[in-house]
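Structural characterization, general
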Amino acid sequence: MFTVASLWIPFTIVAALGQVARNAMQRSLTGPLGTWGATNIRFLFGFPFSVIFFAVVVVVSGDTVPWPPAAFWPWLLVGALSQIVATGLMLLAMNERSFVVTTAYLKTEAIQTAIFGFVFLGDHLTWLKVLAIVIATVGVVLTALRPGGEKGFAELRPTIIGLVAAACFALSAVGFRGAVIAVPGVSFVTAASYTLVFGLFVQTLVLTIYLLARAPGVLKAILGLWRPSMLAGFMGAFASQFWFLAFALTAAANVRTLALVEVLFAQAVSYYSFKQPVSAREGLGILLIVAGVALLVAV
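A word on a nonpolar patch on the surface. A surface patch of nonpolar side chains, about 410 Å² in accessible area, is lined by Ile52, Val56, Val59 and Val60. Looking at the element boundaries, Ile52 is found in helix H2 (residues 47–61). Note on Ile52: relative accessible area 48%, which makes it partly exposed.

Next comes the structure, spelled out in structure tokens:
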């Protein structure tokens, strides 16, 4: 029987499924739109859906929505801006390396989130949870690395890009959790939806201004591809809604560690959509990821 406090588990799994679908959609749009154009679709087309989600939540909950307190804005800006950089780097890495392996690089985010969450938010983790994060992270490293790959400089660039993207995603997770828990006097569902609306607004504003200044033709191209962009935007907002719900209930490190199940989902997408097989080494890494996630949920 799930309690409210344990709802972060199904919320995270749903979010991970939605994120894999969104990543695959964005990857297919990187060619015609470029890295930052494909990045912007998750914000530009996701923002209207976040407003709809928020309106439904407010009507159902009856919460009176407050103006954001001063403490809300620094956390929101850290989360929003870090995610812009992280998403762009993620798509860049996916153009240079296997979809599933890039996703594995990104999942080193879990242990970085644990560190950032402890330092900036004082999130407490038991030793068993720390062990679970370490086991799952070792699994990620095994999944990501290939024998002899470290010897070739051709592998260095996507590896660095993936790891830096993971650090930015970790900062983003901590920033958004900080923003969600700073919203006063409302239910956790309203606080999560509230933060999502402001977060996507800031991200849409920043990246659209950047594209207007640097690549106005990309915005025109985005509008020309509005059908696939709309679906990717919806999936982005849908996934983010559930990420934020999970952040409202538990430490960001717990959420991002359980999110390592995304590697399994990405493997399926990679195999069936992109025809990219998984090696025995990657398979062993995935087993460790499953073991770490199982321990995290059990404790």
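Moving on, we get to the pattern of salt bridges. Scanning the model with the defined rule gives two salt bridges in all. The shortest N-O distance in the salt bridge between Arg256 and Glu109 comes to 2.5 Å. Placement of Arg256 in helix H11 (residues 252–258) and of Glu109 in helix H5 (residues 109–121) is noted, with a sequence separation of 147 residues between them. Residue Arg256 shares its accessibility class with Glu109, and that shared class is buried. The shortest N-O distance in the salt bridge between Arg177 and Asp123 comes to 3.5 Å. With a gap of 54 residues between them, Arg177 in helix H7 (residues 153–182) and Asp123 in the loop between H5 and helix H6 (127–144) connect regions that are remote in the sequence.

Turning to helix H9 (residues 216–224), a few remarks are in order. For the α-helix, the turn length of 3.6 residues means that residues three or four positions removed from each other point alike. Listed in full, the buried residues belonging to H9 are Val218, Leu219 and Ile222. Projection of H9 onto a plane perpendicular to its axis shows the buried side chains occupying an angular sector of 100 degrees, all on one side. Opposite the buried face of H9, at more than 90 degrees from it, the exposed residues are Gly217, Lys220, Leu223 and Gly224.

What follows deals with the packing of helix H1 (residues 8–44) against helix H10 (residues 226–249). The interhelical angle for the contact between H1 and H10, taken along N-to-C directions, is 140 degrees, at an axis separation of 7 Å. H10 is crossed by H1, and the crossing has left-handed handedness. Considering only residue class, the contact of H1 with H10 consists of 20 nonpolar, seven polar and two charged.

Ranked by size, the top nonpolar core spans 52 residues in total, and within it Trp8, Phe72, Leu76, Trp243, Phe244, Phe247 and Leu258 carry the most contacts. Aside from chain neighbours lying at most four places away, what touches Phe244 is Phe176, Val180, Ala192, Thr195 and Leu196. Residues Leu29, Leu91, Ala165 and Ala232 belong to the second largest nonpolar core, which totals 20 residues.

Let's shift gears to the side chain of Gln83. Along the chain, Gln83 turns up in helix H3 (residues 72–94). Residue Gln83 is classed as buried on the basis of its relative accessible area of 10%. Discounting chain neighbours no more than four positions away, the residues touching Gln83 are Arg42, Phe43, Phe169, Ser172, Phe176 and Gln203.

Time to look at the packing of H2 against H10. Where H2 meets H10, the axes come as close as 8 Å, and the angle between the chain directions of the two elements is 45 degrees. Of the possible angle classes, the one that applies to H2 and H10 is oblique. The interaxial crossing formed by H2 with H10 has right-handed handedness. Residue-level inspection shows Phe49, Ser50 and Phe53 of H2 in contact with H10, the latter providing Met230, Gly233, Phe234, Ala237, Phe238 and Gln241.

Let us look at empty space enclosed by the protein. Under the counting rule described, the total for this entry stands at one cavity of 30 Å³ or more. Taken as a whole, the largest cavity encloses approximately 160 Å³ of empty space. Along the walls of the largest cavity sit 18 residues, with Gln19, Gln83, Phe169, Trp243 and Arg256 positioned nearest its centre. Contributing elements (two or more residues each) for the lining of the largest cavity: H1, H3, H7 and H10. Counted by class, the lining of the largest cavity contains eight nonpolar, four polar and six charged residues.

Turning to the environment of Trp36, a few remarks are in order. Positionally, Trp36 belongs in helix H1. For Trp36, a relative accessible area of 30% puts it in the partly exposed group. Sequence spacing of Trp36 and Thr87 is 51 residues, and the spatial spacing of their C-alpha atoms is 8.7 Å. With sequence-adjacent residues up to four places away left out, Trp36 is seen in contact with Ile84, Val85, Gly88, Leu207, Tyr210 and Leu211.

In this structure, the largest pocket encloses a volume near 180 Å³. Lining of the largest pocket is provided by Ile111, Ala114, Ile115, Phe118, Val119, Asp123, His124, Leu125, Val130, Ile133 and Val134. Among the secondary structure elements, those contributing two or more residues to the lining of the largest pocket are H5 and H6. For the lining of the largest pocket, the leading source of residues is H5, giving five residues. For the lining of the largest pocket, the residue count by class is nine nonpolar, one polar and one charged.

Conventions we followed
Residues numbered from 1 in each chain as written. Predicted model: local features only at pLDDT ≥ 70, side-chain atom pairs only at ≥ 80, totals over all residues. Heavy atoms only, no water. Patch = residues over 30% accessible without salt bridge, like charges linked within 9 Å, V, L, I, M, F, W, Y side chains within 5 Å. Areas by Shrake-Rupley, 256 points an atom, 1.4 Å probe, with all protein chains shown as cover. Salt bridge = Lys/Arg side-chain N within 4 Å of Asp/Glu carboxyl O. Helix = DSSP H or I, 4+ residues; strand = E, 2+ residues; numbered from the N terminus. Buried < 20%, exposed > 50% of the residue type's maximum accessible area, 1.4 Å probe, protein only. Arc of directions from axis to C-beta. Axes fitted to C-alpha atoms, helices over the stretch in contact; angles between N-to-C directions. Left-handed = near helix turned anticlockwise from the far one by under 90°. Nonpolar A, V, L, I, M, F, W, Y, C, P; charged D, E, K, R; others polar. Core = buried A, V, L, I, M, F, W, Y, C linked by side-chain atoms within 4.5 Å. Contact = heavy atoms within 4.5 Å. Parallel < 35°, antiparallel > 145°, perpendicular 65-115°, else oblique. 1 Å grid on protein atoms, 1.4 Å probe; cavity = no way out; pocket = protein on both sides within 12 Å on 5 of 7 lines; lining within 4 Å. Points joined across faces, edges and corners; volume = space filled by probe spheres on them.

Coordinates in, geometry out; function isn't part of it.
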